[in-house]
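Analysis of the macromolecular model
Spelled out, the chains give:
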Amino acid sequence: AAAAATLVAGCASTPPAPQTLREAQADFSGYKTFGWQAAPGNDGSGKPASIVDGYVRTAIANELKGKGYVEALAGTAPDLTVAYEGGSAEKLKNNPFRIGIGVGSYGSSGGGSVGMGSPGVKSVKEGTLVVHVIDPARETEVWRGSIERELGKEGVQPAVVQGAVSELMRDFPARSARP
């Protein structure tokens, strides 16, 4: 039974880990505020262009605020500028061959069962998010992260976006207070 459980666990698909890069010379202790880079085609207002855009901005802002950064007031120059891009695509996902073994008892009776599932392929929708954090004074990207996640049947939901952004920005440097 233990061998079967190990086999089944080994077949379980885990999502790929987020990928992040940090510029070695960036001194995050000097950054206090963040703002948004206007997307191409945006009117420059800095407002989200779509519902999903709003979900992404809210999630990123929540993470940055949780790490001690403050959103810059309108008309002021932020210490960091945030840009992001996202997309989705249909992908084929392989469902491996599965075996399940069960053993149990009730009273003085014992029993067992074996179940098998055949391999197959299904189409799933996968979303990708890439976040760029730029030091506008140096005109340099100081942090970059990307994440891919399978979207549920309901599509892009705020909780799914927040969870993915939280995972993505887990290693983003927290702001340390300067005297």
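This write-up is about the structure you can find in this document. (Residues numbered from 1 in each chain as written. Predicted model: local features only at pLDDT ≥ 70, side-chain atom pairs only at ≥ 80, totals over all residues. Heavy atoms only, no water.)

Under the counting rule described, the total for this entry stands at six aromatic pairs. Look at Phe34 and Trp36: their rings are 5.9 Å apart centre to centre, the planes differ by 90°, and that puts the pair in the edge-to-face class. Since its relative accessible area comes to 0%, Phe34 is described here as buried. Taken together, a centroid distance of 6.2 Å and an interplanar angle of 90° make the contact between Trp36 and Tyr84 edge-to-face. Of this pair, Trp36 sits in strand 2 (residues 33–36) while Tyr84 sits in strand 4 (residues 80–95), placing them 48 residues apart in sequence. Here Trp36 falls in the buried class, since its relative accessible area comes to 19%. Three or more aromatic residues joined by ring pairs make a cluster, and in this case those are Phe28, Tyr31, Tyr69, Trp143 and Phe172. (Phe/Tyr/Trp six-rings, centres within 6.5 Å; stacked < 30°, edge-to-face > 60°. Buried < 20%, exposed > 50% of the residue type's maximum accessible area, 1.4 Å probe, protein only. Helix = DSSP H or I, 4+ residues; strand = E, 2+ residues; numbered from the N terminus.)

With that out of the way, let us pick up the side chain of Thr81. Its place among the elements puts Thr81 in strand 4. Once residues within four sequence positions are removed from consideration, Thr81 is found in contact with Gly35, Trp36, Gln37, His132, Val133, Ile134 and Pro136. (Contact = heavy atoms within 4.5 Å.)

This part covers the nonpolar core. Counting residues in each nonpolar core, the largest one holds 25 residues, and the members touching the most others are Ile60 and Phe172. Of all elements in the fold, only strand 2, helix 2 (51–66), strand 4, strand 7 (120–135), strand 8 (140–150) and helix 3 (158–168) reach the threshold of two or more residues within this core. Among all residues touching Ile60, those that are not within four sequence positions of it are Trp36, Val82, Tyr84, Val131, Val165 and Met169. (Core = buried A, V, L, I, M, F, W, Y, C linked by side-chain atoms within 4.5 Å.)

When their charged atoms lie close together, side chains carrying opposite charge are able to pair. Inspection of every chain in the model, using the stated rule, returns five salt bridges. Across the salt bridge formed by Arg57 and Asp53, the nearest N and O atoms sit 3.8 Å from each other. Separated by four residues within a single helix, Arg57 and Asp53 lie in helix 2, roughly one turn from each other. Taken individually, Arg57 and Asp53 each receive the classification buried, so the pair is uniform in this respect. Glu71 is paired through a salt bridge with Lys65; the nearest N and O atoms lie 3.9 Å apart. According to the relative accessible area criterion, Lys65 is partly exposed, its value standing at 47%. One network of salt bridges, with partners in common, ties together Glu23, Asp135 and Arg138. (Salt bridge = Lys/Arg side-chain N within 4 Å of Asp/Glu carboxyl O.)

Among all positions in helix 3, only Val161, Ala164, Val165 and Leu168 are buried. For helix 3, the arc enclosing every buried residue in end-on projection is 95°, short of the 170-degree limit, so these residues lie on one face. (Arc of directions from axis to C-beta.)

Here the focus is the side chain of Asp135. Note that Asp135 resides in strand 7. A distance of 2.8 Å separates polar atoms of two side chains, one belonging to Asp135 and the other to Tyr31. Among the polar contacts made by the side chain of Asp135, one reaches the main-chain amide nitrogen of Ala137 at a distance of 3.0 Å. Setting aside its immediate chain neighbours within four residues, Asp135 contacts Tyr31, Asp79, Leu80, Thr140 and Val142. (Polar contact = N/O pair within 3.5 Å; in protein donor to acceptor, adjacent residues only side chain to side chain.)

Among the structural elements, Gly86 can be located in strand 4. Measuring from C-alpha to C-alpha, the distance between Gly86 and Val56 comes to 9.1 Å, with 30 residues separating the pair along the chain. In this view, Gly86 contacts Thr128 and Leu129; residues no more than four positions away in its chain are not counted.

The terminal C-alpha atoms of helix 2, which comprises 16 residues, lie 23 Å apart, in line with the 22 Å expected from a rise of 1.5 Å per residue. By the burial criterion, the buried members of helix 2 are Asp53, Gly54, Val56, Arg57, Ala59, Ile60, Ala61, Glu63 and Leu64. Residue Gly68 follows helix 2 closely and has a positive phi angle near 100°. (Expected span 1.5 Å × (residues − 1).)

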